[in-house]
Amino acid sequence: SGESLNAGKARPLRGDAEPHIKEVKARGEAGETEKERARRVVDAFVRFTRPHTMMGTAISVTSVSLLALRNSADIGGAFVASVVIALVAALAMNISIVGLNQVYDVDIDKVNKPYLPLASGEFSEGTGKAIVLGTALFSLAIGVASGSLPLMLTLVASLLLGIFYSADLPLLRWKRFPVLAAMCILAVRAVIVQLGFFNHVRSALTLHVGSVVKDRFEWASSLGLVFGTGFMVLFSVAIALFKDLPDIVGDEKAGIKTLSVVLGRDFVFRACNALLMAAYASAVAVGLFCTNVWWSKAITVGAHSILGLALVRRSRDVDLSSSDSLYSFYMFIWKLFYAEYLLLPFIR
């Protein structure tokens, strides 16, 4: 998974795990008040949740839900309730999936991400497993209680792919294989999120007006949904490939043959940039030739042109020999990812 954001604190240098672990132990032995201990536990839990993935999930679910609105008459209690249910279930499942990855990656994270609570020793392995199991069960319980087949299928599919990606079991731990790893991330971020949550909200709105809903997914005619799925395919592949660039040292030590290890930083960096630029070029073309109203055309073409230029400018400043520089650019890509979901509801 990608790097977490620890607001207000400097990120420990990669490979410098031992000083960070000693610092954590020293704080525990120094004698803390209950309030200080509670604050430290909350801080560790926030890092455990990988905040940038939580933000990405919240923004994507909200954006796709807005795409399901057919007109202003759809805005009401049923819509709000369906979005809140989707958000709570999705965020809980997100915690479970990123937590599962940390449970199986403790040794690797001691090199690449020593600030994560399992790697630093702030959380025990048992605590990590309890959080993973508890949040997964909570998410699935919400799915069952909602009675929404699209939501339940989305949650189950995401969990299964998370297990396939991280679990160190026979035939699993797909993160060891670049193509399978990329497919897992692509399937969740580019396909399952778009279709699953869109149809969850659309089904809730249809039920609200008393129509009959068939137990199947429907491919909507919404330009935003079709475009968003295609755009996120390219973006998700780029994220899946780029996320390993800052972690080459730890991956090499662990024997994980990512594309960054096999092909080298320069090749993977250029390939990811090419995918992202292709996505923005496609977005501009869609805005020019496919949007139906002037304001949608203006927003689609203008915003994607600006973001594409920002990507080009930012990529020129990256030092490929520096893990911290690559990390910074990786988080910039996530910001572009967030921005795209903010734009999707305007593509009509």
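An account of the accompanying structure is given in this report. Since we're looking at a predicted model, the values are computed, not measured.

Turning next to the environment of Ile-85. As for its placement among the helices and strands, Ile-85 is situated in helix α4 (residues 77-104). With a relative accessible area of 30%, Ile-85 lands in the partly exposed category. Contact partners of Ile-85, with chain neighbours within four places excluded, come to Ile-142, Ser-146 and Leu-151.

What follows concerns helix α13 (residues 265-289). Compared with an ideal rise of 1.5 Å per residue, which puts 25 residues at 36 Å, α13 spans 36 Å between its outermost C-alpha atoms and is within 8% of the ideal. Taken as a whole, α13 has its buried residues at Arg-265, Val-268, Phe-269, Cys-272, Asn-273, Leu-276, Ala-279, Tyr-280, Ala-283, Val-286 and Gly-287.

With that settled, the discussion passes to helix α2 (residues 34-48). When the terminal C-alpha atoms of α2 are compared, their 21 Å separation across 15 residues agrees well with the 21 Å that a helix rising 1.5 Å per residue should span. Turning to α2, its buried residues are Arg-40, Ala-44, Arg-47 and Phe-48. The buried residues of α2 occupy one face: seen down the axis, they fall within an arc of 105 degrees. The exposed residues of α2 that point more than 90 degrees off its buried face are Glu-34, Lys-35, Arg-39 and Val-42.

On to the packing of α13 against helix α15 (residues 323-343), then. Where α13 contacts α15, the axes come no closer than 13 Å and their chain directions differ by 15 degrees. It follows from the interaxial angle that α13 and α15 lie roughly parallel. Note that α13 runs across α15; the crossing there is left-handed. Between α13 and α15, the residues in contact are Arg-265, Phe-269, Asn-273, Leu-276 and Tyr-280 and Ser-323, Leu-326, Phe-329, Ile-333, Leu-336 and Glu-340, respectively. By residue class, the composition of the contact of α13 with α15 is seven nonpolar, two polar and two charged.

Turning to the packing of α4 against helix α7 (residues 125-146), a few remarks are in order. Closest axis-to-axis distance for the α4/α7 pair is 8 Å, and the angle between their directions is 155 degrees. Considered as vectors, α4 and α7 are oriented roughly antiparallel to each other. As for the relative orientation of α4 and α7, their crossing is left-handed in sense. On α7, the residues that touch Ile-85, Val-88, Ala-89, Ala-92, Met-93, Ile-95, Ser-96, Gly-99, Leu-100 and Val-103 of α4 are Gly-128, Lys-129, Ile-131, Val-132, Thr-135, Ala-136, Phe-138, Ser-139, Leu-140, Ile-142 and Ser-146. Residue composition of the contact of α4 with α7, by class: 14 nonpolar, six polar and one charged.

Per the stated rule, a full pass over the model turns up 16 aromatic pairs. Taken together, a centroid distance of 4.9 Å and an interplanar angle of 35 degrees make the contact between Phe-164 and Trp-174 tilted. Within this pair, whereas Phe-164 is found in helix α8 (residues 149-166), its partner Trp-174 is found in the loop between α8 and α9 (178-208), the two being separated by ten residues in sequence. Accessibility expressed as a relative area gives 27% for Phe-164, which makes it partly exposed. Residue Trp-174 is classed as partly exposed on the basis of its relative accessible area, which comes to 22%. Each ring, one from Phe-235 and one from Tyr-280, has its centre 6.1 Å from the other, and the planes form 90 degrees; the classification is edge-to-face.

A separate point is the nonpolar core. Among the nonpolar cores identified, the biggest contains 73 residues, and Phe-197, Phe-231, Phe-235, Phe-242, Phe-329, Phe-337 and Tyr-341 are the most heavily contacted of them. Beyond its immediate sequence surroundings of up to four residues, Tyr-341 is in contact with Ile-59, Ser-60, Ser-63, Val-64, Arg-189, Val-193, Gln-194 and Met-232. If you look at the next biggest cluster of nonpolar residues, it comprises eleven residues, including Ala-44, Leu-118, Phe-123 and Val-132.

Scoring rules and cut-offs
Residues numbered from 1 in each chain as written. Predicted model: local features only at pLDDT ≥ 70, side-chain atom pairs only at ≥ 80, totals over all residues. Heavy atoms only, no water. Helix = DSSP H or I, 4+ residues; strand = E, 2+ residues; numbered from the N terminus. Buried < 20%, exposed > 50% of the residue type's maximum accessible area, 1.4 Å probe, protein only. Contact = heavy atoms within 4.5 Å. Expected span 1.5 Å × (residues − 1). Arc of directions from axis to C-beta. Axes fitted to C-alpha atoms, helices over the stretch in contact; angles between N-to-C directions. Parallel < 35°, antiparallel > 145°, perpendicular 65-115°, else oblique. Left-handed = near helix turned anticlockwise from the far one by under 90°. Nonpolar A, V, L, I, M, F, W, Y, C, P; charged D, E, K, R; others polar. Phe/Tyr/Trp six-rings, centres within 6.5 Å; stacked < 30°, edge-to-face > 60°. Core = buried A, V, L, I, M, F, W, Y, C linked by side-chain atoms within 4.5 Å.

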